[in-house]
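An overview of the molecular structure
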Amino acid sequence: MHLYNDNPTLLDVPHQQMKEEQQGEVFFKNYPQQVEDPSGKHFYIESYGCQMNFSDSEIVASILAEVGFKPTRSLELADLILVNTCSIREKAEETVRKRLRVFDAMKRQRPGTLVGVLGCMAERLKSKFLEEERLVDLVVGPDAYRDLPKLVATAEDGDKGINVFLSREETYADISPLRLDSNGVSAFISIMRGCDNMCSFCVVPFTRGRERSRDAFSILAEAQELYERGYKEVTLLGQNVDSYKWTNPETENLVNFAHLLEMVALVAPDLRVRFSTSHPKDITNEVLHTIAKYPNICKYIHLPVQSGNSNVLERMNRTYDREWYMERIEAVRQIIPECAISSDIIAGFCGETEEEHQDTLSMIEFADYSMSYMFFYSERPGTLAARKYPDDITLEVKKRRLQEIINLQSQVSYGHNQRDIGKVFEVLIEGDSRKSDQDFCGRNTQNKMIVFPKVAGYKPGQYINVLVKAASSATLIGEAAI
Ligand code: SF4
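It should be emphasised that the depicted structure is a prediction, and the values quoted were computed from it without experimental measurement.

Thresholds applied
- Residues numbered from 1 in each chain as written.
- Predicted model: local features only at pLDDT ≥ 70, side-chain atom pairs only at ≥ 80, totals over all residues.
- Heavy atoms only, no water.
- Salt bridge = Lys/Arg side-chain N within 4 Å of Asp/Glu carboxyl O.
- Helix = DSSP H or I, 4+ residues; strand = E, 2+ residues; numbered from the N terminus.
- Buried < 20%, exposed > 50% of the residue type's maximum accessible area, 1.4 Å probe, protein only.
- Pairing = 2+ DSSP bridges.
- Axes fitted to C-alpha atoms, helices over the stretch in contact; angles between N-to-C directions.
- Contact = heavy atoms within 4.5 Å.
- Domains from an automatic or database assignment.
- Buried area = accessible area lost by both parts, 1.4 Å probe.
- Polar contact = N/O pair within 3.5 Å; in protein donor to acceptor, adjacent residues only side chain to side chain.
- Parallel < 35°, antiparallel > 145°, perpendicular 65-115°, else oblique.
- Left-handed = near helix turned anticlockwise from the far one by under 90°.
- Nonpolar A, V, L, I, M, F, W, Y, C, P; charged D, E, K, R; others polar.
- Phe/Tyr/Trp six-rings, centres within 6.5 Å; stacked < 30°, edge-to-face > 60°.

What follows is about the pattern of salt bridges. Enumeration according to the criterion identifies 42 salt bridges in this entry. The salt bridge involving Glu 133 is made with Arg 101; its shortest N-O contact spans 2.7 Å. Here Glu 133 is found in the loop between α4 (128-132) and β6 (138-140), whereas its partner Arg 101 is found in helix α2 (residues 90-109), with 32 residues between them in sequence. A residue is classified by how much of its surface remains accessible, and Arg 101, at 41% relative accessible area, is partly exposed. The residue Lys 293 makes a salt bridge to Glu 262 at a minimum N-O spacing of 2.9 Å. Of this pair, Lys 293 sits in helix α9 (residues 285-293) while Glu 262 sits in helix α8 (residues 257-265), and the two are 31 residues apart along the sequence. Residues joined in a network through salt bridges with shared partners are Asp 56, Asp 143, Arg 193, Arg 208 and Arg 212.

Set out below in structure tokens:
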């Protein structure tokens, strides 16, 4: 999973995101929108990293609500301050440590306030976190959130609470997430946890454990419940959704990702279905044909390439090469011609030559990505790459190559959006545009953000046809075509 939504201002949730810069770390303050009731115990939670972390924070909120905690936006009101962390790059961890300094000050002002660290950094550092960060009272890994109430009680008694056990079963399937920061239009549904791939640069297999798929009927029930509550879009989440597989214990029928997509698409024709993240080695034509078959399965695929060169891909242990990836892109074009594709790209991986870097640039042009998440390589302790390869590309070269990738991608995105001028798209209204409350914003099936003047009688959660009049590399500008 790599789909980072990177705007450090608050209240940014992927379904309202405006993609800004690539190096930023994600920062979500997760709270329901209603007026806060100051009585009782309150928790405050910030989420960093990928959509999976955001979805996990909604599971955490539900578990805490079960034992009487209420969410709060105000640090001052919080009895429990939680930070759901990311460990994918050094910078992500630095950001968390900076936030812990702020929480330190809160604890000094309000003794008895508890601070807890959740997510991948908690799992990576384990008890070392308690040694390094004296103010931290709780360290809880991604598979141990059910234990939170007990750990909080332990910390309230003055001891440190820690549980970083990684499970082979846990999917939190029976926990109904408490929707945080929701616009009431789009929601995440986590369909699996962990990752069995061992990409050499990645910490996820060490911080989120082995792959396990959630009961398909619990996913369906969650989609149905969201639809009945007025949501019009669900995003199915997994580190590698294409390897989803669940066996029905009664019938012994196997449900793979194509089957699951179809099951969710059949909940209602006006419930949009998105998913993230795909893996080039596992995305099948069966999945592509299922996307093509159902109008409400969005015509957008996030297909991380990481590098455009086969030798680099081999050192990354991505288990596919340049030719295999290009064949998958061609398959998407043949089966779903109108589909937009985005990617993840790492610049300056161990041993990357100038020629190998040029292959990544030419891949961006070949794949014609609508957008990409682009970072330079950040060595992560304990990963295969850290053990096997020297981090031998200088920071200066990494930054220069990354800038070349960003410049090219922004040209390609601009071209991609320019070709949409004059077209009419069905847009799901998500809310007010960030720049003007006179405008609505929403996305088309290709996951492109479109901003257009408000139309009387329309509101978030409704579909409207929009004619595209202008475009930047990040946003389409239009007017209602009704
Ligand atoms: S190991 Fe590979 S596929 Fe799995 S989360 Fe990391 S980068 Fe993605």
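This part takes up the sheet that holds strand β14 (residues 272-276). In space, the 3 strands of this open sheet follow the order β8-β11-β14, with parallel pairing throughout. Every other strand in the sheet has two partners, leaving β8 (186-190) and β14 as the edge strands with one partner each. Each adjacent strand pair in this sheet contributes to an overall mean axis angle of 25 degrees, direction not counted. In terms of strand pairing, β8 meets strand β11 (residues 233-237) through 5 bridges, oriented parallel. Note that in β11 the partner of Phe 188 across the bridge is Thr 235. Contacts from helix α1 (residues 51-66) reach β8, β11 and β14, with the element oriented near 90 degrees to β8.

What follows covers the domain arrangement of the protein chain. Taken domain by domain, the protein chain holds domain 1 (8-163), domain 2 (186-418) and domain 3 (424-480). Look at where the C-alpha atoms of domain 1 and domain 2 centre, and you get two points 27 Å apart. The contact between domain 1 and domain 2 buries some 2,200 Å² in all, and 56% of this surface belongs to carbon and sulfur atoms. Viewed at the interface, domain 2 and domain 1 are joined by 6 salt bridges. For Arg 193, the salt bridge goes to Asp 143, with nearest N and O atoms at 3.5 Å.

Here we take up the environment of Ala 340. Position of Ala 340 relative to the elements: it lies in strand β16 (residues 340-347). In this structure, the C-alpha to C-alpha distance between Ala 340 and Ile 329, residues 11 residues apart in sequence, is 10 Å. Excluding residues that lie within four positions of it along the chain, Ala 340 makes contacts with Lys 299, Tyr 300, Ile 301, Ser 370, His 416 and Gln 446.

Along the chain, Thr 113 turns up in the loop between α2 and β5 (114-118). Separated by 2.6 Å, the side chain of Thr 113 and the backbone oxygen of Arg 110 make a polar contact. In this view, Thr 113 contacts Ala 78, Asp 79, Ile 81, Lys 107 and Asp 137; residues no more than four positions away in its chain are not counted.

Contact pair helix α12 (residues 354-367) / helix α14 (residues 395-418): the axes reach a minimum separation of 9 Å and the direction vectors enclose 15 degrees. When the axis of α12 is compared with that of α14, the two are roughly parallel. Between α12 and α14 the crossing geometry is right-handed. Residues Glu 354, His 357, Gln 358, Thr 360, Leu 361, Ile 364 and Glu 365 of α12 form the contact with α14, whose own contacting residues are Arg 400, Arg 401, Glu 404, Ile 405, Leu 408, Gln 409 and Val 412. Residue composition of the contact of α12 with α14, by class: 5 nonpolar, 4 polar and 5 charged.

We now examine the packing of aromatic side chains. Two measures describe an aromatic ring pair: the distance that separates the ring centres and the angle between the ring planes. Applying the stated rule across the entire model yields 10 aromatic pairs. Measuring from centroid to centroid gives 6.0 Å for Tyr 145 and Tyr 172, while their planes differ by 15 degrees, and the two rings are stacked. Of this pair, Tyr 145 sits in the loop between β6 and α5 (148-156) while Tyr 172 sits in the loop between β7 (161-163) and β8; the two residues are 27 residues apart in sequence, bridging distant segments of the chain. For Tyr 145, a relative accessible area of 0% gives the class buried. Overall, Tyr 172 belongs to the buried group, its relative accessible area being 1%. Between Phe 349 and Tyr 377 the ring centres are 4.9 Å apart and the planes differ by 75 degrees, which places this aromatic pair in the edge-to-face class.

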